[in-house]
Every structure is written in C-alpha cells, then in structure tokens.
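Each chain, written out:
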Amino acid sequence: MRQFVLKISFVILIAFFALAIKSRSFLKQIYEAYHYDTFNVFHWKNIRFTSAEPNKNFVKTQFIVHNPKKFNAFIFGSSRVGNLPKDFLPKVLAEKNLLWYNMTYSEGVPKEHLESIKTFLSNDVCVDVIVLGFDNISMYASMEQHGGQLLRMPYQVYENDKFAFYKPYLQTGVDESIMNQVEKIYNTSERSDSYLQSELWFYDYGTAPDVQYIDSLTENPDLNRYEVEHAKYPCKESHKDIEEIVRFCRENNIKLFLFTSPLWQITYKNAVDDGYFDFLRLVAKNCEFYNFSSLNNYTKDPRYYFEWSHYRPALGLLVEKMLFGTEDEKAQIRKDSGDELWGIKVNAENADFVIQKLHEQLE
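1. A short note on the overall build of the protein chain
Here comes step 1: The number of helices and strands found in the protein chain is 15 helices and 8 strands.
Here comes step 2: If you take every contact in the protein chain between residues at least 6 apart in sequence, the share linking residues at least 24 apart comes to 79%.
Here comes step 3: For the protein chain, the exposed area adds up to about 18,400 Å²; of that, 53% sits on carbon and sulfur atoms.

Structural data, given as structure tokens:
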C-alpha cells in the first residue's frame, strides 16, 4: 500500500512539474507575441518598423478612429496605390481645405475599403474626399480570404470580436530576427534619424512622402524583377463592392475619384488573360473611373517601376496630375505617353469603345 501511495505521489509530482513548465512556456509565448508584436497590432500607437510588414489595415484604421478630426481626405487601394506623393495632392477642393492620409496596405480590396469608410463615419471621422485605386488585385483577392491572414486581417474582425482578433496573434511564435530588431528599436540610442523620420511619416501621411525621389527612375533595372508568373487567378464579383462605394459616397456627400492602376505591361497582359477587360466593363456599367491600365511609354518602361507590381512615385505623380492637374498638363502627359487612352474617363457610354481600343493595342 505504501509503495502504491509513493508511486501515485511521484506521478502527481511529475504531472505538477510538467503542468508548471507547460504553463510557463505558454505564458512566455504570450509575452513574446505581445512584446515583440510582429504585425504591430498591440503597438499601433507606436509602430515599430522591422523586416515584417505591419497589419496596416488594422494599424491605420485604429489611428484614424482615435484621431477623427486629424484628416478629411483619404487614399484607398492596395500597396501599389501607396506611391501617390502627398505633396502634390490638392490642398483645396470644392472650397474645402484637405488634409490627406494614405490608407493603402497589402492587397487592399474594395469591400475592405467600403467597410473602412463606414467605420470612419460611425466613429465621427470627417470624410470629404476619397481617392480609390483598383486593378486586377481587386478581381481575385477578397476580404474573406484576409480574415485568416495575420498580415491582412481586417479591422472589422477586431470591431466585431476583440478576442477573436487578438487570439491568433497571441498564438503565433515570433521569429528570432524580429526579436533582435525590436530590441534594437527599444534601445533608443540605436535608432537612426531615418528610422525616427519613418515614424513621423507614417503618422503624418501613412507612407513616406518620397519627395526626394519624385523625379527618380529605376537605374539599370534588373529585368528579372519584372518577370512574373501567370497565376491565373479566378475573377470574383468585386465590381459590386465598387458600385456600393460609389453609392455610399454619393449618399454621404463624399467626393470620390476612382482610377485603375498603371500596371506593368506583363502584369497587365496576364490580367487581361484572366478577364480584366470584362471586370472593367462591369465596373463601368454603374461607375465612372479614370483608366491608367494600358500599353504606353510609361507602362512598358521598367524605369517607372520598382518591380513587376509596384510603380514608382514618379509615375504616381503623373497619375495625380491626370486626376487633378490642368488641361494643359493632362494633354502633355497623355502626349508623352504615346497613348490617347491614358487617363481617359470610362463610363457606361464609352466603355465598349475604350475596351475595343485596348484590345487593338494588344493586337
């Protein structure tokens, strides 16, 4: 009997120590997930820039919701639209002074933008003007897909259920390289002036102003960076989300500018194979937008792009001038593009004509 009691006691003791070690390991994981915060969801007030991209949908939305009177003009779109320079956007429009913030983030899609606009208004954010860029990413990516991705989980998941939002972030381990980078950031003596400037830029506009690079083009481009696999993504019905954005902005007296991204020629041709023209035709039925997706002297020149996906601020500036510039500026830019369609307004009346001309370009 005594031996049995000793054995049971030994088993219980081992179990106790195992549970304590496991609990300690679990608490250590929770602490590291919070402290090092790979995607910056716990530190949105004081973002830390590491080699891991933050969840910018969440971080930027939190920032705006907690500063409802700081901005009244917003740019939405995927990361491609992030290269619209701030200093060349209009300061006044329809007799309203404009304070701009760039809400763009990785694979941003129309349904997410619609929900963000609704979240802004429900939190008393002043919204007078919206510039929204879309392209083939809008065709295939979805808000539902992003709900399972830590990099892109929408703010509205947090809005609906904070525990459901934070849980996967606390359950995910942190890469050692991220830990090392964060520790250096916490050591303020190791923060460079450029790092501190990046923080200021982020909370001032949402991305770096790129004024110093506004006229620069890619020097000696590595053409391997401009090749892209044709993934043949399926087309979704996101044109309905764009229609809903147009309707919602109209009902709430928000001035809206829609435009398509100037896609790099190979990315553009792949998108056309996947039904991009059909997508544009569907959007044009009930919406008017500026079209920058075509083949021209800009979209065929790799110097205007960082790689196959993202155009440089120099091209973003030309897009801005086509949206807000004088008629003389627009005429000169279109002439330099060698493309009479570049920046043209597309709607239900001329969509068939424009798309037919785009087909002819490809042929």
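The structure having been displayed, the exposition proceeds.
2. A short note on the pattern of salt bridges
Here comes step 1: Scanning all chains against the criterion turns up 14 salt bridges.
Here comes step 2: Residue D301 pairs with R303 through a salt bridge whose shortest N-O separation is 2.8 Å.
Here comes step 3: Assessed through its relative accessible area of 39%, R303 is described here as partly exposed.
Here comes step 4: Where salt bridges share partners, they join E244, R247 and E251 into one cluster.

3. Here we look at the environment of D87
Here comes step 1: Mapped onto the fold, D87 is located in the loop between β1 (73–76) and β2 (92–93).
Here comes step 2: The sequence separation of D87 and W100 amounts to 13 residues, and the corresponding C-alpha distance is 9.5 Å.

4. Some thoughts on helix α11 (residues 265–273)
Here comes step 1: Looking at α11, one finds that the buried residues are Q265, T267, Y268, N270, A271 and V272.
Here comes step 2: Packed against the buried residues of α11 are α4 (136–140), α12 (276–286) and α15 (351–362).
Here comes step 3: Where α11 ends, the next residue or the one after it, G275, has phi of about 105 degrees, a positive value.

5. Some words on the pairing of strand β5 (residues 129–134)
Here comes step 1: Of all the 6 residues making up β5, 6 are buried; the element is thus mostly covered by neighbouring parts of the structure.
Here comes step 2: Where burial is concerned, the two faces of β5 agree: the one with V129, V131 and G133 and the one with I130, L132 and F134 are both buried.
Here comes step 3: Inspection of the sheet shows β1 paired to β5 by 4 bridges, in the parallel sense. When the bridges of β5 are listed, A73 appears paired with V129.

6. Remarks on the packing of helix α2 (residues 56–65) against helix α3 (residues 110–122)
Here comes step 1: As a packed pair, α2 and α3 sit with axes 10 Å apart at the nearest point and diverge in direction by 20 degrees. One element, α2, and the other, α3, form an angle in the roughly parallel class. Handedness of the crossing formed by α2 with α3: right-handed. Contacts between α2 and α3 pair N57, T61, I64 and V65 from the former with E112, S116, T119 and F120 from the latter.
Here comes step 2: Classifying every residue of the contact of α2 with α3 gives 3 nonpolar, 4 polar and 1 charged.

7. A few points about the environment of Y226
Here comes step 1: Secondary-structure assignment places Y226 in the loop between α9 (193–205) and α10 (239–251).
Here comes step 2: Spatially, the C-alpha atoms of Y226 and P302 are 7.4 Å apart, while their sequence positions differ by 76 residues.
Here comes step 3: Once residues within four sequence positions are removed from consideration, Y226 is found in contact with T218, P221, W264, I266, P302, Y305, F306, E307 and W308.
Here comes step 4: Of note is the side chain of Y226, whose polar atom sits 3.1 Å from the backbone oxygen of P302.

8. Some remarks on the nonpolar core
Here comes step 1: Counting 59 residues, the largest nonpolar core has I64, F74, I130, F134, L258 and Y276 as its most contacted members.
Here comes step 2: Element by element, the count of residues in this core is highest for α12, at 6 residues.
Here comes step 3: Contacts of F134, omitting those with residues within four sequence positions, involve I242, L258, F259, T260, S261, Y276, F279, L280, V283 and F289.
Here comes step 4: Grouped together as the second largest cluster of nonpolar side chains are 27 residues, W264, Y305, L315 and V319 included.

9. Brief notes about the environment of F74
Here comes step 1: Inspection of the secondary structure puts F74 in strand β1.
Here comes step 2: By relative accessible area, F74 is classed as buried at 0%.
Here comes step 3: Linking F74 and Y101, residues 27 residues apart in sequence, is a C-alpha distance of 5.0 Å.
Here comes step 4: Ignoring sequence-local partners within four residues, the contact set of F74 consists of I64, W100, Y101, M103, F120, V125, C126, V127, V129, I130 and V131.

Conventions and cut-offs
- Residues numbered from 1 in each chain as written.
- Predicted model: local features only at pLDDT ≥ 70, side-chain atom pairs only at ≥ 80, totals over all residues.
- Heavy atoms only, no water.
- Helix = DSSP H or I, 4+ residues; strand = E, 2+ residues; numbered from the N terminus.
- Contact = heavy atoms within 4.5 Å.
- Areas by Shrake-Rupley, 256 points an atom, 1.4 Å probe, with all protein chains shown as cover.
- Salt bridge = Lys/Arg side-chain N within 4 Å of Asp/Glu carboxyl O.
- Buried < 20%, exposed > 50% of the residue type's maximum accessible area, 1.4 Å probe, protein only.
- Pairing = 2+ DSSP bridges.
- Axes fitted to C-alpha atoms, helices over the stretch in contact; angles between N-to-C directions.
- Parallel < 35°, antiparallel > 145°, perpendicular 65-115°, else oblique.
- Left-handed = near helix turned anticlockwise from the far one by under 90°.
- Nonpolar A, V, L, I, M, F, W, Y, C, P; charged D, E, K, R; others polar.
- Polar contact = N/O pair within 3.5 Å; in protein donor to acceptor, adjacent residues only side chain to side chain.
- Core = buried A, V, L, I, M, F, W, Y, C linked by side-chain atoms within 4.5 Å.

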